[in-house]
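Summary of the model geometry
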Amino acid sequence: MAFSERIDRLKSSLIREILAAAQRPEVMSFAGGLPAEPMLPKVDWAQMPTSMGQYGMSEGEPMLRELIAAQARELGIQCEGSQVLIVSGSQQTLDLASKLFIDPGTEVLVEAPTYLAALQAFQLFGAHCLEVPQEADGPELGVLRQRLEQHKPAFAYLIPTFQNPSAVRYSEAKREAVAALLDEFGVTLIEDEPYRELVFDQGSATPIVSRLRSASWIYTGTVSKTLLPGLRVGYLIASPDLFPYLLRLKQSADLHTNRIGQWQALQWLGSQRYNEHLAELRDFYRLRRDAMQAALVEYFSDLATWETPQGGLFFWLALRQPLDTRTLLKPALEQDVVFMPGEPFFSEPDRHPGYLRLNFSHVAPERLGEGLRRLAGVIRDALAVEAA
Ligand SMILES: Cc1ncc(COP(=O)(O)O)c(C=O)c1O
């Protein structure tokens, strides 16, 4: 079959394959990034006007765009509703941005590690990903400067607030420094923030796009982690020079985001009950985060190091003795445990062995200890085989 040349670069998603294998109810899954099922709010559709079944505008529902712009301004992002495009999940932002910027061989700058499905989207269009190592408070600035001096990336893709997978929240100083560097070198910023609202501890996190003076930017968010991922409602806000292109790409992709999901999102965003729901969500996840921290201390202290996440959905573990964690998947599944190997979160997976991403929102606290005990056992067995 004669497919397009980019199909050779189309990678299957390891996450989806693992999740498919982990459907059995007895499996304890630390793999996905799903909201906890009991925390999905009950939604009411009875009041939805019939007209929502009609075709809509490619930009999205006007009231929703205005609301998102107003909330972004509260975060310090200078923008109008006319710069907001409602997308089919923030994943679509990554697809549209890839189409806008990437030809085979185009350089783009990413954190190492970074969101697996962003790598997939960028690499499908032929991007060459320049990695900047992630430290506990954000990217290594010396390496960032070096990459910018030596290359001309089409954009920098950053997840500065509770990053997936590393849970890192950039410090204020690094946010400032990154903005200054992108301005200095005139590099577009794509700032992806699905986890901003899932914050368990205090600490400010003003978006980096709000600090830019001259560089172009796209800021993207979603209701997936705080409301319902099944709605498939996200948004992007773009600097005026980029917006018209993104709108046309959206038109050619799917005409517009589903109006039914947009209507439901509008019933929640900014409302009193949404704020109450967010408060409940934070309390619920904080307890699960604490339960996982305690279980990790018990079973993983001698095996790995990690930082306690202050938000988001993940722990990111670095094994004290690195090994290819992809090889652990099969034995873990045999023990009814599944996790996300760290290698696929790097553009060159084989060069970064020894990390695991563990989701803490899904497994109930009473089963969590047993799941981590089994996973630690699998790692100990693999290390023993390597040592033999
Ligand atoms: C960093 C990051 N960006 C984007 C997405 C996609 O989210 P959405 O459901 O809005 O498409 C996710 C989902 O896990 C994510 O972790």
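Per an unreviewed UniProt entry, the protein goes by GntR family transcriptional regulator and derives from Stutzerimonas degradans. UniProt, in the comment section headed Subunit (unreviewed entry), describes the protein in these words: "Homodimer."

Before going further, it helps to spend a moment on the site of the ligand. In the vicinity of the ligand there are 14 residues, among which Ser 90, Asp 192, Tyr 195, Thr 222 and Ser 224 approach most closely. Ser 90 places a polar main-chain atom, nitrogen or oxygen, 2.7 Å from an oxygen atom of the ligand. Note that an oxygen atom of the ligand is positioned 2.8 Å from one of the side-chain N or O atoms of Asn 164. For the ligand, whose unbound accessible area comes to 400 Å², protein coverage reaches 91%. Of the residues contributing to the shell around the ligand, the split by class is five nonpolar, six polar and three charged.

Inspection of the secondary structure puts Thr 325 in the loop between β11 (314-319) and α10 (329-334). For Thr 325, a relative accessible area of 0% translates into the label buried. Among the polar contacts listed, one links the side chain of Thr 325 to the backbone nitrogen of Gly 342, at a separation of 3.3 Å. A polar contact of 2.7 Å, which involves the side chain of Thr 325, links it to the side chain of Glu 343. Not counting residues within four places of it along the chain, the set of residues in contact with Thr 325 comprises Leu 319, Phe 339, Pro 341, Gly 342, Glu 343, Gly 354, Tyr 355 and Leu 356.

Before going further, it helps to examine the nonpolar core. By size, the foremost hydrophobic cluster in this structure holds 87 residues, and its most contacted members are Phe 300, Leu 358 and Leu 372. Examining the composition of this core, we find that ten residues originate from one element, helix α9 (residues 272-300), more than from any other. Looking at which domains feed residues into this core, each of domain 1 (5-40 + 274-387) and domain 2 (55-271) gives three or more.

With that settled, consider the sheet that holds strand β4 (residues 128-135). Spatially, β2-β9-β8-β7-β6-β3-β4-β5 is the arrangement adopted by the eight strands of the open sheet, whose pairing is mixed. Single-partner strands in this sheet number two, and they are β2 (84-87) and β5 (138-139). Bridge count between strand β6 (residues 155-158) and strand β7 (residues 188-192): four bridges; the pairing is parallel. Paired with Tyr 157 across the two strands is Ile 190, which belongs to β7.

Procedures and definitions
Residues numbered from 1 in each chain as written. Predicted model: local features only at pLDDT ≥ 70, side-chain atom pairs only at ≥ 80, totals over all residues. Heavy atoms only, no water. UniProt positions renumbered as here; feature names shortened; annotations may be inferred. Near = heavy atom within 4 Å. Polar contact = N/O pair within 3.5 Å; in protein donor to acceptor, adjacent residues only side chain to side chain. Areas by Shrake-Rupley, 256 points an atom, 1.4 Å probe, with all protein chains shown as cover. Nonpolar A, V, L, I, M, F, W, Y, C, P; charged D, E, K, R; others polar. Helix = DSSP H or I, 4+ residues; strand = E, 2+ residues; numbered from the N terminus. Buried < 20%, exposed > 50% of the residue type's maximum accessible area, 1.4 Å probe, protein only. Contact = heavy atoms within 4.5 Å. Core = buried A, V, L, I, M, F, W, Y, C linked by side-chain atoms within 4.5 Å. Domains from an automatic or database assignment. Pairing = 2+ DSSP bridges.

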